[in-house]
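This is what each chain is made of:
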Amino acid sequence: MKFILILPVFFAAAVFGHAQCPEFQLSDLQTLQRTDPALKESKIQDLGFDLRSEFVTQGAVTRSYSKCWNATIREKAIFEQLIWWNTESNSISFFTLNEGHFRQLRQSITDRGATGSITENPDIYVGHLFLYRFGVKKVEAVEFYVVTIEFKKK
């Protein structure tokens, strides 16, 4: 009888554990970049991200959002996904711990070859409307995969 009661708990954990933090889609990234700055915060929150902090680097104010708690390291919460919105340049950086999700997002960007090009630097992709940067960055001593989008300069 106990086995029958425990089985649904394991099933729910398996189903909801993997679905908890869905892959971030290219369309979401592009929609965020296109969103008017006055509405950007609510659009980020509509995607399930919560504002965690605001900081200044090189004179630019950046707002940091997070989604999907992953672990706690040295009393700091580590999340599966982050968004950093640089309010000065109006660029969006999407961070993920999941290398597979990062690779799929990168592939969906670079597969659009008819409308863009890879520069001399393979971590920069210039599209019709956007410039994308790919990389790895440590946040709170944890390595994240990052895609940054900004409007292409004319």
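Relevant structure appears above.
These remarks concern the structure in this document. On a predicted model such as this, the values are computed, not experimentally measured, just so you know.

Observations regarding the state of the cysteines
Working step 1: Scanning the model with the defined rule gives one disulfide in all.
Working step 2: The residue that forms a disulfide with Cys 21 is Cys 68, at a sulfur-sulfur distance of 2.3 Å. When the S-S torsion is 95°, as for the bridge of Cys 21 with Cys 68, the disulfide is right-handed. Of this pair, Cys 21 sits in the loop between helix H1 (2–19) and helix H2 (26–34) while Cys 68 sits in strand S2 (residues 60–73); the two residues are 47 residues apart in sequence, bridging distant segments of the chain.
Working step 3: Residue Cys 68 is classed as buried on the basis of its relative accessible area of 14%.

Considering the side chain of Gln 30
Working step 1: Relative to the elements of secondary structure, Gln 30 occurs in helix H2.
Working step 2: We classify Gln 30 as buried; its relative accessible area is 10%.
Working step 3: The residues contacting Gln 30, other than those within four sequence positions of it, are Arg 112, Phe 130, Tyr 132 and Ile 149.

Thoughts on helix H3 (residues 37–46)
Working step 1: Between the side-chain oxygen of the N-cap and the backbone nitrogen of Ala 38 there are 2.9 Å, and the N-cap of H3 in question is Asp 36.
Working step 2: Looking one or two residues beyond H3, the residue adopting positive phi is Gly 48, at roughly 95°.

Some remarks on the pairing of strand S4 (residues 91–96)
Working step 1: A large share of S4 lies buried, amounting to six of its six residues.
Working step 2: Burial along S4 is two-sided: the residues Ser 91, Ser 93 and Phe 95 and Ile 92, Phe 94 and Thr 96 are all buried.
Working step 3: The sheet contact formed by strand S3 (residues 76–86) and S4 spans six bridges and is antiparallel. Within S4, the residue paired with Trp 85 across the bridge is Ile 92.
Working step 4: In this antiparallel pair of consecutive strands, S3 and S4, the connection spans four residues, and Asn 90 shows a positive phi of 55°.
Working step 5: Across five bridges, the pairing between S4 and strand S8 (residues 142–151) is antiparallel.

Here we look at H2
Working step 1: All buried positions along H2 are accounted for by Leu 26, Leu 29, Gln 30, Leu 32 and Gln 33. Taken around the axis of H2, the buried residues stretch over an arc of 160°, which confines them to a single face.
Working step 2: Those residues of H2 that are buried are in contact with H3, S3, S4, helix H4 (99–110), strand S7 (130–139) and S8.

Focus: the pattern of salt bridges
Working step 1: All chains considered together, the criterion is met by eight salt bridges.
Working step 2: Of the charged contacts in the structure, one is a salt bridge between Asp 50 and Arg 52, with a shortest N-O distance of 3.8 Å.
Working step 3: Assessed through its relative accessible area of 46%, Arg 52 is described here as partly exposed.
Working step 4: Notably, a salt bridge pairs Arg 103 with Glu 99, separated by 2.5 Å at the nearest N-O pair. Taken as a pair, Arg 103 and Glu 99 lie in helix H4 at a separation of four residues, close to a single helical turn.

A short note on the environment of Thr 35
Working step 1: Within the fold, Thr 35 resides in the loop between H2 and H3.
Working step 2: When the C-alpha positions of Thr 35 and Asn 90 are compared, they lie 9.8 Å apart, and in sequence the two are 55 residues distant.
Working step 3: Among residues more than four places away in sequence, those in contact with Thr 35 are Lys 40 and Lys 43.
Working step 4: Of the polar contacts made by the side chain of Thr 35, one reaches the backbone oxygen of Thr 31; its length is 2.7 Å.

Cut-off values and rules
- Residues numbered from 1 in each chain as written.
- Predicted model: local features only at pLDDT ≥ 70, side-chain atom pairs only at ≥ 80, totals over all residues.
- Heavy atoms only, no water.
- Disulfide = S-S within 2.5 Å.
- Helix = DSSP H or I, 4+ residues; strand = E, 2+ residues; numbered from the N terminus.
- Buried < 20%, exposed > 50% of the residue type's maximum accessible area, 1.4 Å probe, protein only.
- Contact = heavy atoms within 4.5 Å.
- Polar contact = N/O pair within 3.5 Å; in protein donor to acceptor, adjacent residues only side chain to side chain.
- Pairing = 2+ DSSP bridges.
- Arc of directions from axis to C-beta.
- Salt bridge = Lys/Arg side-chain N within 4 Å of Asp/Glu carboxyl O.

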